[in-house]
Structure formats: C-alpha cells, structure tokens
Amino acid sequence: MPLEIQIEKGADGPAAGTVTIKLTGSLDTATAPELERQMVSCLAGRVNHLVFDLAGLKFVSSAGLRLFQVARKQMVARGGGQASFINMQPQVEEVFTIIQSLPGIGVFKDLEALDRYLATRPSPNVWPGTQK
Amino acid sequence: MILELHATPEEVMRAVETLEQFAQAQGVPEKTIFGLTLALEECGSNIVNHALQRDARQQFQVAIEHTGDDFIIELRDRGPAFDPTAAAGRKPQADPDDVPGGWGIQLVRRYLDGIQYRREAGENVLRLIKRLGGPAGPKSIC
C-alpha cells in the first residue's frame, strides 16, 4: 500500500508557523524514507507547530514511529515547538499506546479538540478557527 | 505458502501484502491481520536492514501457514546469528532519547502469542505464532 503525503503550510497571520502533514495509506519500511525527505524539507523553514493528520493512515510500523519521534525532538529543540496528532484510526492509536514512547506529543481526537487545546496555549501562533 | 525475497524494503512490503491477502482469504479477522502484518513488517525489516545490510543480492524466505487454530509465519535468513527474542524483555522507555530499534520487537510481542528463534544450518529461523482462538488485538500492557 503506498503512502500519500499532503503538506499544508499555514498562511501569514494566525496560522503562520503551523504545518499540517496529512498521511494516507501505509507508513512502513518502504514508505518512511519519502516522508523523511519531505519532513526535512518542510522543517527547514520557520515551523513551530507540526500537526500530523492521520485520518487516512491505515498502517504504521516502528519505521514510521521513528519519524514521529524525530519530528517531536526537532520541534522541542526549537523551544516551545510542538508536534500533534489528530484523527488517528483505532489500530494506529493502539500502536502508539503500545509503544508509549512519545512523551510531550499532543494526541487529539480531531481538529476541534486541537483547537480547544491551542486556544488555551500562550502561543503567538494560533490554529485557525480559534480566533473568533 | 513460501516466498523468496530480496533484501529490500519493497520486498518486505510485498510479503506483507501477500500475507494480508492470504489471511483475508482464510477469513482471519481484520484486527488480527493488522497484528500479523505488523509483526511481519518489523521482523522482515530487521532482516533486511541489519542481518542482510540492505544488500539486494541477498535473499531471505518467508513461509506463511494456517494450521487449525494457529497462524504461523516463519522467516529464514543467512545473516549473522541474532536472536531477537533475547532482546524482547526490554520494556519500552518513556525517555524521548529511547533508541527506536527496540520498538519493533515490542510490537511483535504485543500482537502475537509466540516468538521462537533457532539457529539452524547457518540460518536464523524466526517463527511467529498467532493463536486465532485468542483475543484479536494486542495483549494488555503491563
């Protein structure tokens, strides 16, 4: 099963600094290198909030978890940066639970839950939709 | 069913897709199939990346068998002797600097009911066992 990667960068304004990576398909030993290449490219810019939208992710192995770990460490190293996960399928969430290895990563049920969380954060970068 | 595979990630995923189709045809529940495919991906990747050093000229073998209540996957490679079950007792760390290399065997342990290793005639032989009468999902986390 291939992996489709869609990357959306927040426009100027409230969403600046936020990058959403939408993954569809299988994140495994064969597809992880391509995600790693694209992550390196997109994290080269000014990013302080990385959101992984996993609604379409059917399969993840430790090769994919390693990339999530790398992303988290890079965001934390930027000082106040964060990686978040939304819309996990149950089988993917189970894998996360088993590993329990991603401390400091926000796991949110959906965009609304992420919005609520971000609205309480004292961050200059706010997810679109939280500013009414 | 026996698959002869070259030591590349793409070949590992070819085996995973073959396993998935075989298990679906046998009526194995989807949740169980997820665990079986994850286990094969982790163990196959380990062979390709470590035992055979991603040398595509090297080959390894995957045998898939459904006998009664058991679903069995057997992997054979001619890499250096390595017993992944010896490292299987390590608990996952909460430390962000934890080395991910050990995560794969942790996942295999959770989703399967048995992992047996032996060195036989210059080959690593890893036998993964799932009892289909048991719970489909991962075992409880201790």
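Further up the page is the structure itself.
Below is a summary of the structure that appears in this document. (Residues numbered from 1 in each chain as written. Chains lettered and ligands numbered in written order. Predicted model: local features only at pLDDT ≥ 70, side-chain atom pairs only at ≥ 80, totals over all residues.)

### Focus on the overall build of chain B
The helix and strand tally for chain B stands at 3 helices and 5 strands. If you list the helices and strands of chain B from N to C, you get β-α-α-β-β-α-β-β. A burial count over chain B gives 35% of its 142 residues as buried. In chain B, once contacts between residues fewer than 6 apart in sequence are set aside, the share between residues at least 24 apart is 69%. (Helix = DSSP H or I, 4+ residues; strand = E, 2+ residues; numbered from the N terminus. Buried ≥ 20, exposed ≤ 12 C-beta atoms within 10 Å, placed from the backbone. Contact = placed C-beta atoms within 7 Å.)

### A short note on the sheet that holds strand E2 (residues 59-67) of chain B
All names here are of chain B. Pairing is antiparallel in the open sheet, where 5 strands are placed in the order E1-E2-E3-E5-E4. Each edge of the sheet is formed by a strand with only one pairing partner; in this case those strands are strand E1 (2-6) and strand E4 (114-120). Strand after strand, the sheet turns through a mean of 20° between neighbouring axes, direction not considered. Inspection of the sheet shows E1 paired to E2 by 5 bridges, in the antiparallel sense. By the bridge assignment, Glu-4 is partnered in E2 with Gln-61. Contacting E2, strand E3 (70-77) and strand E5 (123-131), helix H2 (residues 30-51) crosses the sheet at an angle of about 10° to E3. (Pairing = 2+ DSSP bridges. Axes fitted to C-alpha atoms, helices over the stretch in contact; angles between N-to-C directions.)

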